[in-house]
Every structure is written in structure tokens, then in C-alpha cells.
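Residues per chain, in single letters:
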Amino acid sequence: MAAALRIQSDWNRALSRDEGEAWLSCRSPGKAPLYGSVTRRGLGSDGVPDIVASEGFVVGQVTKKSILISCPHENVSTKFLAPYTSFSRIHQKSITCLDISSGGGLGVSTSTDGTMKIWQAANGEIRRLLEGHVYDVNCCRFFPSGLVVLSGGMDAQLKIWSAEDASCVVTFKGHKGGILDTAIVDRGRNVLSCSRDGTARLWDCGKSACLGVIADCGAPVNGIAVGTADSSLNLGTPEKPPSEREVGTEGKILLLAREDKKLQGVGLQSRQPVFLFVGSDAFNCCTFLSSTYILAGTQDGNIYQLDVRNTNAPVQVIHRSGAPVLSLLPYRDGFIASQGN
């Protein structure tokens, strides 16, 4: 497990002024962290910030949008990137979930300020306020069309919204606890949800009905992901013929990130267990890298990469810090992870 180099304050804000300072830390597993700082002393003649680091750290290449910093003692370096753009007026408090439409034009987000909003991805201009959940909204995502939004809240309700006029067109009821995550099957005739009540459910959007409980785990399910399974994987056989209202469930596997330290795979159409992997702490999130490889993140900061064909041992375990892994997203040949630090 490699050392992790971190800037601990908002370096973009601190270093965008003529003079500013940001704190640094370098953490290695099993060792005391090393602390330092980087200071901006003004602008060079080329318009690039003049930045120096305290003892123990070295500033490498600096551009208007990035800083390369190394810690020679731990033989680690990190390039810190400035945000491409920042939208500070959409929400008043922490953002808990967000998604961007398939065309890239719209964003949707939820916040601890109790609101869910749709906004222009280009400039952050608020387009719609989506109101109807009681209590906090935990999750939101666009359908593939980019015209419809799916959300789940602490009120145990799953809702579908029009992004065009902010109307709530469908409300699903059936969970006994707050909904923690959602997934959309193919183009969206069916959707999935998971809840604090320990279940994952499949819903029919056209009939506004629950098509079945895919899994009942006996512990909160914090995150789910649905993907096409490797052809060699045995997904099981349904105990009874699936409803004609199920569209696109064949050949799919549902991942369940569970509070009881377990990551579970279930055949979406069969409802049969495919694998069960026990991790180091509660699983918060999961995603597919391919039909073969999956990722899952835990509360104690581990990211597990698994091969669904053999989950007896992880392909690798990535640990950058002990902060909770909150979300995972495939990106090009790798992935993006967010942590609670």
C-alpha cells in the first residue's frame, strides 16, 4: 500500500491570490504522517504562480492549472489539479449525490440543504427545483434519455421526475426504510433500488409497480450496480418464469454493497446468489469495470478489485487513506474514487 500525498486545504482558493498558503501531509501505512505547507509568493513573468514548499517536500512542475509535489523521504509524488470550473451557488450545504445527463448538458444534484436541483452543466444555472420527497434525498440519476430523473429518499420513496417541467410522474412505494442507491436497467423500462431495510427491489416504470425483491440481505444495502455478466458465469435459473414486464434483466448481475461487510452478486433475472465476498468493513459503493472485473469501496478506505469468476481473493486492494470510500466511477482505463476526507 503506497504512501498518499495530500493537500489539506482548498489550494485553489489559497493559491489563486497574490500570496497564499495550503497545508500538506504525506501518509504511509504504519508510519507517522509528515506535515508541511506550500506557499505562493506571487506570479512569475510568464503568469505561472511562484510556489515553494516547506522542508521535506519539493515542488516540481507548476502550471496555471496544476502543481506537482513530491515527498522524497517516502518516494511519492502527486500532481494536484485545479477545478476546471466551480459552481458555488447551486446548493448551500454539502452535496450528497450528483449525475450528468448522457448528452452532458444538464446536471442533477442533492444536498444536505434538503434540495434536489437540475442545472446547466456549462454554467451552473439552476433550471429546476425538484420538490416532493419528505426528509433528505439520498440519490439521484438521469435516465439514458437525459430527460427524466430517478431519485430515492429517506422517506422510503422512489420517484421519477420530468427534467423539462419538474413534475413527479411516478412514485414507487414498498421499501420499509430509506432508499440509499438506485440503478437503471438498459433504457429504463425497469429500475432498481436498495434500502436501509436490507432489500433490493426491481420496479416496472410503466405500471408503477414492484416486480420483485431481488435480494433480502438482513442488513442495510448501501450501494448497488447492475451490469452484463461474463458469459462463463452461472447466474442461476429463476424459480418461476419472469414477468413479461421485466425488460433487459437476462444475463445481468446485480452487485450489492452491504453494511455487514459483505459484497454480494445476484443474478438479476434468477434472483439467485452468485457470490459473496467478505471485506474489512461496511461496503459503501460498487461498480463494474467490465463484465469480468468489479470494484467496491469500504468504510475504512479499502477499494477491492474482484474478478467475478473467482471472488475467493481480490485481484488487488487499493488503500490510499483510512477515509471512507463514498463512490466509484469507471473512467477510461481506470476509475475515479471519492473519499470522505
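Residues numbered from 1 in each chain as written. Predicted model: local features only at pLDDT ≥ 70, side-chain atom pairs only at ≥ 80, totals over all residues. Heavy atoms only, no water.

Naming follows an unreviewed UniProt entry, where the protein chain appears as PAAF1 factor of Polioptila caerulea. According to the UniProt record, the Sequence similarities (unreviewed entry) comment for the protein chain is "Belongs to the WD repeat PAAF1/RPN14 family." (UniProt positions renumbered as here; feature names shortened; annotations may be inferred.)

Q: Help me understand the pattern of salt bridges, please; the structure alone is not making it clear to me.
A: Any two side chains of opposite charge can pair, so long as their charged atoms come close to each other. Taken as a whole and assessed by the stated rule, the structure comprises 8 salt bridges. Across the salt bridge formed by Arg258 and Asp260, the nearest N and O atoms sit 2.7 Å from each other. A relative accessible area of 6% places Arg258 in the buried class. You can call Asp260 partly exposed: its relative accessible area is 27%. (Salt bridge = Lys/Arg side-chain N within 4 Å of Asp/Glu carboxyl O. Buried < 20%, exposed > 50% of the residue type's maximum accessible area, 1.4 Å probe, protein only.)

Q: Which parts of the structure should I look at to understand the sheet that holds strand E5 (residues 58–62)?
A: Note on sheets: strands pair through backbone hydrogen bonds, and any given pair is parallel or antiparallel. Pairing in this open sheet of 3 strands is antiparallel, and the strands run E5-E6-E7 from one edge to the other. Whereas interior strands pair on both sides, the edge strands pair on one side only; in this sheet they are E5 and strand E7 (76–81). Across this sheet, the average inter-strand angle for adjacent strands is 20°, counted without regard to direction. For E5 and strand E6 (residues 66–71), the ladder comprises 3 bridges, and the chain directions are antiparallel. Paired with Val62 across the strands is Ile67, a residue of E6. (Pairing = 2+ DSSP bridges. Helix = DSSP H or I, 4+ residues; strand = E, 2+ residues; numbered from the N terminus. Axes fitted to C-alpha atoms, helices over the stretch in contact; angles between N-to-C directions.)

Q: Explain the packing of aromatic side chains to me, please; I cannot follow it from the model alone.
A: Describing an aromatic ring pair means giving the distance of the ring centres and the angle of the ring planes. Counted under the stated rule, the structure contains 5 aromatic pairs. Arranged with centres 5.9 Å apart and planes meeting at 65°, the rings of Phe87 and Trp119 form a pair that is edge-to-face. Of this pair, Phe87 sits in the loop between E7 and strand E8 (95–100) while Trp119 sits in strand E10 (residues 116–120), placing them 32 residues apart in sequence. Judged by centre distance (5.3 Å) and plane angle (65°), the ring pair of Phe277 and Tyr304 falls under edge-to-face. Highlighted residues: Phe277 in strand E23 (residues 273–278) and Tyr304 in strand E26 (residues 302–307), separated in sequence by 27 residues. For Phe277, a relative accessible area of 7% corresponds to the buried category. Members of the aromatic cluster, connected to one another through ring pairs, are Phe277, Phe283 and Tyr304. (Phe/Tyr/Trp six-rings, centres within 6.5 Å; stacked < 30°, edge-to-face > 60°.)

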